[in-house]
Structures are given as C-alpha cells and as structure tokens.
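Chains, contacts and geometry: an overview
Listed below are the residues making up each chain.
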Amino acid sequence: MHKILLKFFIIGFALSLTACGLLPEQKDETVGWSAAKLYSEAKDELNAGGYEKSIKYFEKLESRYPFGTYAQQAQMDIAYAYYRQNEQAQGLAAVDRFVKLHPNHPNVDYMYYLRGLINFNDRTSIFDTITDQDNTERDPKAMRDAFDSFKLLAERFPDSKYTPDAIARMRYLVNAMSQYDVHVANYYFRRGAYVSAANRAQAAIKQYPDSPANEEALFILMRSYDALGQTKLKEDTERVIQATYPNSPWYNGGPKKKENPWWKVW
C-alpha cells in the first residue's frame, strides 16, 4: 500500500513540474517602454492610489535607466508610495537610501521631511480612530524619531518650504512626549509606586518645561509626596500649582472627558 501511494506521489509531482513548464510566462507589458513612459505610468498609478503597482514601475525604471533625473525621482516616489501604503520600514529604508546616494540633491530636504512624516504617523490605524485611543499613550520611540527628523530638517534647511510645518509638528511632538511621561507617572501612582510616580512626573516637568501636560504632572507630584509622607515637598509643590495654575480643574479631579457610547464612531 505504501509503495502504491509513493508511486502516485512521484507521478503527481512529475506532472506538476511538467505543467509548470507548459504554462506560458507572464508577459511584461513594460518591455520597450522609455524612461518617460515608465515614469508617467508609475506616476499615474501613484496618483490613483495603486501604490504597489507604482512601486513596481518605479523599480523597473530605476533598474533599466539607473542614471538621470528619472531614476532619482523614482527613488523619491518609491519612498512616498511606501509612506502612503503605511509600510513604515520600507519607507524609511527608501528615504535613507536616497539621502545616502544623493546627499546634495536639490530636493533632499523633502526626504528629511518625509522621514519625519513616516515616523509621525507610525502605528496609526482605523482601529485607533474607532476606539479613540490617545496617541500619547503609545511608546514614544516613533515620536522621538519623528522629532529628530524634523529637527534635522529645520537645522540643515531653515529656508525650506517644509520647515514651518516641521516646526509646528515638533511643538506637537514635545507636548505628546510630555503627556506620555505623565501617563506613565499616573500609571505608577495608581499602582502605589509613589517614588517612581514622583520621579517620572518631575522628569516630565524638567525636560518639557513649557508643556501643557505639566499641570497634571505637578498634581501627580504633589499627591505622590503626600502619599510618601513628604509634607514639606507636598506643600512646596502645592504652592507652585496655586501660583501657576490658580484655576486648575485638577483640584476637582481633572478635566471632564467627553464620553460617547462605545458604538458611536462618527
């Protein structure tokens, strides 16, 4: 019985190989296209949202016509297509490759900006929108990477048309990173780790002195000192709060959050 099954297996495997050999090869429609034609078709796919196909066309263009402006533009468009496709790793790799190959390109400032955007939008999904997840509760690594990319752009290309938006995003990122530290401090406080809560809140205040999140950080710091029996430190912190935020809602438990039914997604 085993010998019969083995024979059938061998015959089937041989037939499958033969069938594969008989199948006609898929014709490459781009054979014979000029660099201009390839770029035009790739750009049309990109603009229409056909990111995967546009990347294939751009890669063929770069492979067949590696020299000239079309190839360089294709490299930039590949990075953008990966960004629009939410393929972070491939997008960052494409950006870094372009910057390495063309550090003095007239549009290299755009690539620094694009690197920041890719990190800025890290792990954004429709599920986050539905659940109304606070982006500042996530791991801040991507935020720091985005900040560093925007900062590099602002320092190297202060007159770039992308720099004003990069600076605005840097301000947002500073506040988001500060709020993340406050989330962590609050997490420690709720679990009774008052020393860790105080340290994290204090670090947020020192590292991001102008952040709106410092208001909550000060209250966590005050409550942590109170829980630790550090009366003087608690009173000193409370005086700072009263002087800086005399009408703070945190005296009454914090700002009221808008509550929607879990099913309401619009």
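The preceding data block contains the structure.
From a predicted model like this one, the values you see are computed outputs, not experimental measurements.

With that settled, consider the nonpolar core. Judged by nonpolar contacts, the single largest core of 45 residues is most densely connected at Phe58, Val95, Met111, Tyr113, Leu114, Phe150 and Leu173. Those elements giving two or more residues to this core turn out to be helix H2 (35-47), helix H3 (51-64), helix H4 (69-84), helix H5 (88-101), helix H6 (108-120), helix H8 (141-156) and helix H9 (163-190). In this structure, Phe189, Ala197, Ala198 and Ala201 belong to the second largest nonpolar core, which totals 12 residues.

We now examine the packing of helix H10 (residues 194-207) against helix H11 (residues 214-227). With their axes 8 Å apart at the nearest point, H10 and H11 run at an angle of 150 degrees to one another. Between H10 and H11, the angle is such that the two are roughly antiparallel. Here H10 and H11 pass one another in a crossing that is left-handed. In this structure, H10 uses Tyr194, Ala197, Ala198, Ala201, Gln202, Ala204 and Ile205 to contact H11, whose residues at the interface are Asn214, Ala217, Leu218, Ile220, Leu221, Ser224, Tyr225 and Ala227. Among the residues forming the contact of H10 with H11, the class breakdown is 12 nonpolar, 3 polar and no charged.

You can see Val174 is positioned in helix H9. Of the residues examined, Val174 reaches a relative accessible area of 25% and is grouped as partly exposed. Among all residues touching Val174, those that are not within four sequence positions of it are Phe147 and Tyr208.

In this section: the packing of aromatic side chains. Tallied over the full model, the rule gives 12 aromatic pairs. For the pair Trp33 and Tyr57, a centre-to-centre distance of 5.7 Å together with 65 degrees between the ring planes defines the contact as edge-to-face. Of this pair, Trp33 sits in the loop between helix H1 (2-22) and H2 while Tyr57 sits in helix H3; the two residues are 24 residues apart in sequence, bridging distant segments of the chain. In terms of burial, Trp33 and Tyr57 fall into one category: buried. Centroid distance Tyr113 to Phe150: 6.0 Å. Interplanar angle 50 degrees. Geometry classified as tilted. With Tyr113 in helix H6 and Phe150 in helix H8, this residue pair connects regions lying 37 residues apart in the sequence. This pair shows no difference in class: Tyr113 is buried, exactly as Phe150 is. Through successive ring pairs, a cluster of aromatic residues spans Tyr110, Tyr113, Phe120, Phe150, Tyr162 and Tyr172. Looking at Lys37, its charged tip hangs above the ring of Trp33, at a distance of 5.0 Å from the centre.

Calculation criteria
Residues numbered from 1 in each chain as written. Predicted model: local features only at pLDDT ≥ 70, side-chain atom pairs only at ≥ 80, totals over all residues. Heavy atoms only, no water. Core = buried A, V, L, I, M, F, W, Y, C linked by side-chain atoms within 4.5 Å. Buried < 20%, exposed > 50% of the residue type's maximum accessible area, 1.4 Å probe, protein only. Helix = DSSP H or I, 4+ residues; strand = E, 2+ residues; numbered from the N terminus. Axes fitted to C-alpha atoms, helices over the stretch in contact; angles between N-to-C directions. Parallel < 35°, antiparallel > 145°, perpendicular 65-115°, else oblique. Left-handed = near helix turned anticlockwise from the far one by under 90°. Contact = heavy atoms within 4.5 Å. Nonpolar A, V, L, I, M, F, W, Y, C, P; charged D, E, K, R; others polar. Phe/Tyr/Trp six-rings, centres within 6.5 Å; stacked < 30°, edge-to-face > 60°. Lys NZ or Arg CZ within 6 Å of the ring centre and 35° of its normal.

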